[in-house]
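# Chains, contacts and geometry: an overview
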Amino acid sequence: MGIKISILGCGWLGLPLAKSLLSKGYKVKGSTTSESKLDLLKNAGISPFQIQLEENQIIGTIEDFLKETDVLVIDIPPGLRRETSASNEMIFVSKIKNLIPYIEKSEIQKVVFVSSTSVYGDGFPIVEIREETKPNPDTESGKQLAITETLLQSNSHFKTTVIRFGGLLGYDRHPIKFLAGRTNVENPDAPVNMIQREDCIGIIEKALDFARDDNWEWNQTFNAVAPQHPTRKVYYHKKAEIFNLPLPTFAKNSESKGKIISSKKVETILGYSFQKEI
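Attention here is on the structure that accompanies the text. (Residues numbered from 1 in each chain as written. Predicted model: local features only at pLDDT ≥ 70, side-chain atom pairs only at ≥ 80, totals over all residues. Heavy atoms only, no water.)

The full count for this structure, using the stated rule, is seven aromatic pairs. With a centroid separation of 4.4 Å and an interplanar angle of 15 degrees, the aromatic rings of Phe-210 and Trp-216 are classed as stacked. The pair Phe-210 / Trp-216 is uniform in exposure class, with both members buried. Between Trp-216 and Trp-218 the ring centres are 5.8 Å apart and the planes differ by 75 degrees, which places this aromatic pair in the edge-to-face class. There is no split in this pair, since Trp-216 and Trp-218 are both buried. It is Arg-197 that lies over the ring of Trp-12; its NZ or CZ is 4.7 Å from the centre. (Phe/Tyr/Trp six-rings, centres within 6.5 Å; stacked < 30°, edge-to-face > 60°. Buried < 20%, exposed > 50% of the residue type's maximum accessible area, 1.4 Å probe, protein only. Lys NZ or Arg CZ within 6 Å of the ring centre and 35° of its normal.)

Pasting the structure below:
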């Protein structure tokens, strides 16, 4: 293909994404904050860079990382433990603000930003959510992601496609491990909005298929959630049995709030078919 991709954040999703892109003929650079992971990236065939975004600086050779790149994939989660600085400035937003001038100075014209459906918050009562639904985040990470989406998509130097993933599943990652045996868990009748890692990778790759198509509108937003939406109670009881874990018990006589995320746009515009059930 010859398309050159730089993935900022080769972690739980970014690393297998990079490996998959390599297998499809893309040239891939990848970043990590850990020196110990550089050899892991290199051995996988990824051109490795140690990059650390900070509130007031970027540690590492960010210019070289962004050089000769067609599409930049930003896959770094907002910090959940250190949410705001002493000056009340949002740390994740500050990091992206520091990054943007470097993107502007590079030859990069297209960006993929990995976001989350947490930007929507939780409706009351349960409602269906589409991409045109106005974000209304009720968590700190959701607020920072929503601001970051706007920062990137409003920039005239490059175009940004935002992909909002639901709850991430795959391999050793499943929320039932944290809910097993818990009591009085809220929102028993709220629908789940999950997606397997393989589908996350597939959807990003589908978007990248359009990177060379000048007639395709790149500055878009996509929800990315598997089409199955069982209730939390039904879903987590089933998963507890599969994993042989204690069943969680849910609060009774309380009205559930939540949302059903529609991924129809991913299926129609990107032409993606979900491969893995949740």
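Moving on to the pairing of strand β9 (residues 159-165). Counting buried positions over the seven residues of β9 gives six, a clear majority of the element. One ladder, built from four bridges, connects β9 with strand β12 (residues 221-224); its direction is parallel. Each residue of the ladder has a partner; that of Val-162, found in β12, is Thr-221. (Helix = DSSP H or I, 4+ residues; strand = E, 2+ residues; numbered from the N terminus. Pairing = 2+ DSSP bridges.)

Counting through the fold element by element, Ser-47 comes out in strand β3 (residues 47-50). Taking the C-alpha atoms as reference, Ser-47 lies 6.4 Å from Val-28; in sequence the two are 19 residues apart. For Ser-47, the residues in contact, after removing those within four places along its chain, are Val-28, Lys-29 and Gly-30. (Contact = heavy atoms within 4.5 Å.)

What follows is about the packing of helix α1 (residues 14-23) against helix α7 (residues 197-208). Relative to each other, α1 and α7 sit at 50 degrees, their axes nearing to 10 Å. Classified by the interaxial angle, the pair formed by α1 and α7 is oblique. α1 and α7 meet at a crossing whose hand is right-handed. Across the interface between the two elements, Pro-16, Leu-17, Ser-20 and Leu-21 of α1 pack against Arg-197, Ile-201, Ile-204, Glu-205 and Leu-208 of α7. Residues belonging to the contact of α1 with α7 are distributed by class as follows: six nonpolar, one polar and two charged. (Axes fitted to C-alpha atoms, helices over the stretch in contact; angles between N-to-C directions. Parallel < 35°, antiparallel > 145°, perpendicular 65-115°, else oblique. Left-handed = near helix turned anticlockwise from the far one by under 90°. Nonpolar A, V, L, I, M, F, W, Y, C, P; charged D, E, K, R; others polar.)

A word on the sheet that holds β12. Pairing is parallel in the open sheet, where seven strands are placed in the order β3-β2-β1-β6-β7-β9-β12. If you trace the sheet from one side to the other, it starts and ends with β3 and β12, each paired once. Pairwise comparison of adjacent strand axes, ignoring direction, gives a mean angle of 20 degrees for this sheet. Pairing between strand β7 (residues 110-116) and β9: seven bridges, direction parallel. Each residue of the ladder has a partner; that of Lys-110, found in β9, is Lys-159.

The N-to-C vectors of helix α4 (residues 91-105) and helix α5 (residues 140-153) enclose an angle of 15 degrees; their axes lie 9 Å apart at closest approach. Between α4 and α5, the angle is such that the two are roughly parallel. Classified by chirality, the crossing of α5 by α4 is right-handed. Along its contact with α4, which presents Ile-91, Phe-92, Val-93, Ile-96, Lys-97 and Ile-100, the element α5 presents Gln-144, Leu-145, Ile-147, Thr-148, Leu-151 and Leu-152. When the residues that make up the contact of α4 with α5 are grouped by side-chain class, the tally is nine nonpolar, two polar and one charged.

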